[in-house]
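Inside the fold
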Amino acid sequence: MSKDEQQHAIPGFLRNGGQMADLILARDWSDGLGPIETWPAALRSALSICLNSSFPTAIYWGPELRLLYNDSWSHIPGERHPWALGRPAAEVWSDIWKVVGPQFASVASTGKGLSIYDQHLPMMRNGVQTESYWNYSFTAIRDEHGTICGIFNQGNETTAAVLARREAQEELARLGRLFAQAPAAIAILEGPTHVFKLVNPAYEALVQRSNLVGRTVADALPEVKDQGFVDLLDTVYATNVPYKGTAVPVEFILPEGERQHRHVDFVFQPVTDAAGEPAGIFIQASDVTEAATAMAALRESEQRFEAIVNSIDQMIWSTRADGYHDYFNQRWYEYTGVPEGQTDGAEWETVFHPDDREETWAKWQFSLETGEPYHVEYRLRHRSGAYRWVIGRAQCVRDDNGEIIRWYGTCTDIHDLKVAEEARQLLLRELNHRVKNLFAITSGMINMTARSSHSVSAMAQSLHGRLQALAKAHQLIQPAIMAGSTGAETVAFHALLEEILSPHLSDRERQVSLTGPELRLGPHASTSFALIFHELATNAAKYGPFRDANGRLDVLWEMDGNRLNLQWQENVTQALISAPSQEGFGSKLARTSATHQLGGSIDFEWRPGGVSIALTASAERLGR
């Protein structure tokens, strides 16, 4: 359907009605106003005017005053939009119904419209009751018979203007009280030479002088002239533009010669006569020396604090008593790579691993509710995009009444320790697995050697050689088991296979074929391959071709671009091979080594005549 056809399919009174027309058209109206096709002409006409108006407009229709509104009005209900669409007015405005309910009732009963200005409505926003003020009008909507069937509403919020006026009035009242009670230093200067016309005791105390009235500023306070204040007064007088100074340093020289350094907040406000010509300057000043000194000390303290918290490797954060995160040190932003402020509030959770969020959030909520220390391990998204393990800790700070006032916490990267511990546990399990398998392998080797040996001495010699080969194979995996081993030398891929397989063979040429290009493996890769091949060879000796007199193993490998492809094919004749009911530890170990250490994969295909194994590895990992 073309765009024009879509427009013609829309009822005429909803056309060009913006997003709200789409919402009205898409809504199921069976809960109130009924199908759109049945709406009365008066409603359609009023709604058309509403939707096409650029002024915030709403319609309340029917006995329940069901709500419809245009795009410009949609911001007024805030988080109640679009839920409010089609709802009864008493339900939508339950928080302010005591105020607007009687107004609706008056218009609906009398038909007489009303206009209200700066109406106070204690509206709920985001779950909090807020002070708001509104200009709005209610106009009755009548059908063709003159019956009132709805109310037309237009209006806009005036909260900002009302609060601004209130603030201005309060400021004027405050200034009046200040001047009357003279708690601040106040003076009035007259004429272009700035003659003191009026001073209050607080001003005299500030400048440490008396008998100022009738004297010029330059005469009474000669030291301030050299500091540029008389020139500043000249500018204010000439331009009629006020000047405000904040914590401005001033040096007063007392009559006995003592120098006194102060910090002063002041206003130079020009005063004009009835004709609008300059007449003088009103001065209001406050000694803020102690505050300025305290602020300087606070800034220095904050600088020291920032220097300390940003000089350590740990991520440091702080929250309000309710858990709202409002501070992170620079290490947090450097570690996570997120812009400053992006993780404030509850957004800190977005950089956690999705699988760890539920547990972390539950522990954080428990600490917030009980005051218990927060302690949790989770994965945090690093700036590289990878998730790394960290440990989070936090302690609350309480006031004198025992109430929690803040939380201070840290995040410490423990990823390397976590990975090392996981590797240690894996290797401990592997060692246990190997010890168990060693007895089974040795037993199998003895039986196999006994069958093929013609004498005790021949059996002993053959068995001794196989045990030595087994020891060499275990030496290859020693770097993974013994901490601190570097294994700097490379290992030939073909030789590795030979050493791993040799303990299990009685007739090398008949039992095994190894085909593929010569490769050199780094210490980590050789360890991983040794673990995998040792596991496969053990299984072959226990269940596969090495326990079958006519069994055979064919291993074929090749390089395909940046990937090594290896095929391990076992063939047996005396038994049928079937897939195990569940994956054992050895198979899991082989899969972990292939995927995590070698960057590849391993797949098992169980056939009656023998298992077929496809192993891949990243060429980049082979030299590591």
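Residues numbered from 1 in each chain as written. Predicted model: local features only at pLDDT ≥ 70, side-chain atom pairs only at ≥ 80, totals over all residues. Heavy atoms only, no water.

1. Focus on the overall build of the chain
Scanning the chain from N- to C-terminus turns up 21 helices and 22 strands. Per-residue burial for the chain yields a buried fraction of 40% across its 624 residues. For the chain, the share of sequence-separated contacts (at least 6 apart) that also reach a separation of at least 24 residues comes to 52%. Accessible surface, the chain as shown: approximately 33,600 Å² in total, 53% of it carbon and sulfur. (Helix = DSSP H or I, 4+ residues; strand = E, 2+ residues; numbered from the N terminus. Buried < 20%, exposed > 50% of the residue type's maximum accessible area, 1.4 Å probe, protein only. Contact = heavy atoms within 4.5 Å. Areas by Shrake-Rupley, 256 points an atom, 1.4 Å probe, with all protein chains shown as cover.)

2. Some thoughts on the pairing of strand β12 (residues 325–328)
As paired strands, strand β11 (residues 315–320) and β12 are joined by three bridges and run antiparallel to one another. Along β12, the bridge assignment pairs Thr 319 with His 325. From the end of β11 to the start of β12, which pair antiparallel, there are four residues, and Gly 323 there has a positive phi angle of about 90°. (Pairing = 2+ DSSP bridges.)

3. Some words on helix α17 (residues 493–501)
Along α17, the positions that sit buried rather than exposed are Phe 493, Leu 496, Leu 497, Ile 500 and Leu 501. The arc that holds the buried residues of α17, viewed along the axis, is 120°, so those residues lie on one side. (Arc of directions from axis to C-beta.)

4. Some points on the nonpolar core
Counting residues in each nonpolar core, the largest one holds 47 residues, and the members touching the most others are Ile 24, Trp 39 and Tyr 60. When residues in this core are grouped by element, the largest group, six residues, is from helix α3 (residues 41–51). Residues in contact with Tyr 60, not counting those within four places in the same chain, are Leu 65, Arg 66, Leu 67, Trp 73, Ala 89, Trp 93, Phe 104, Gly 150, Ile 151 and Asn 153. (Core = buried A, V, L, I, M, F, W, Y, C linked by side-chain atoms within 4.5 Å.)

5. Some points on the environment of Thr 147
On the secondary structure map, Thr 147 appears in the loop between β4 (128–142) and β5 (148–157). Counting along the chain gives 36 residues from Thr 147 to Gly 111, while the straight-line C-alpha distance between them is 9.2 Å. Discounting chain neighbours no more than four positions away, the residues touching Thr 147 are Ile 141 and Arg 142.

6. Examining the sheet that holds strand β22 (residues 610–618)
Within a sheet, adjacent strands bond to each other through the backbone by hydrogen bonds, running parallel or antiparallel. An order of β17-β19-β20-β22-β21 is seen for the five strands of this open sheet, with the pairing classed as mixed. For this open sheet the edge positions go to β17 (512–515) and β21 (601–607), each flanked by a neighbour on one side alone. With strand direction ignored, the average angle separating the axes of adjacent strands in the sheet is 10°. For β21 and β22, the ladder comprises seven bridges, and the chain directions are antiparallel. Paired with Glu 605 across the two strands is Ser 612, which belongs to β22. In the packing of helix α19 (residues 523–543) onto the sheet, contacts are made with β20 (563–571), β21 and β22, and the angle to β20 comes to roughly 15°. (Axes fitted to C-alpha atoms, helices over the stretch in contact; angles between N-to-C directions.)

7. A few points about the packing of aromatic side chains
This model, assessed by the stated rule, comprises 25 aromatic pairs. With a centroid separation of 5.2 Å and an interplanar angle of 45°, the aromatic rings of Tyr 136 and Phe 138 are classed as tilted. Classification of Tyr 136 by relative accessible area gives buried; the value is 9%. In this structure Phe 138 comes out as buried when scored by relative accessible area, which is 3%. Here the aromatic residues Tyr 60, Trp 97, Phe 104, Tyr 136 and Phe 138 are joined through ring pairs into a cluster of three or more. Its guanidinium or amino end placed over the ring of Trp 389, Lys 418 lies 4.6 Å from that ring's centre, counting from NZ or CZ. (Phe/Tyr/Trp six-rings, centres within 6.5 Å; stacked < 30°, edge-to-face > 60°. Lys NZ or Arg CZ within 6 Å of the ring centre and 35° of its normal.)

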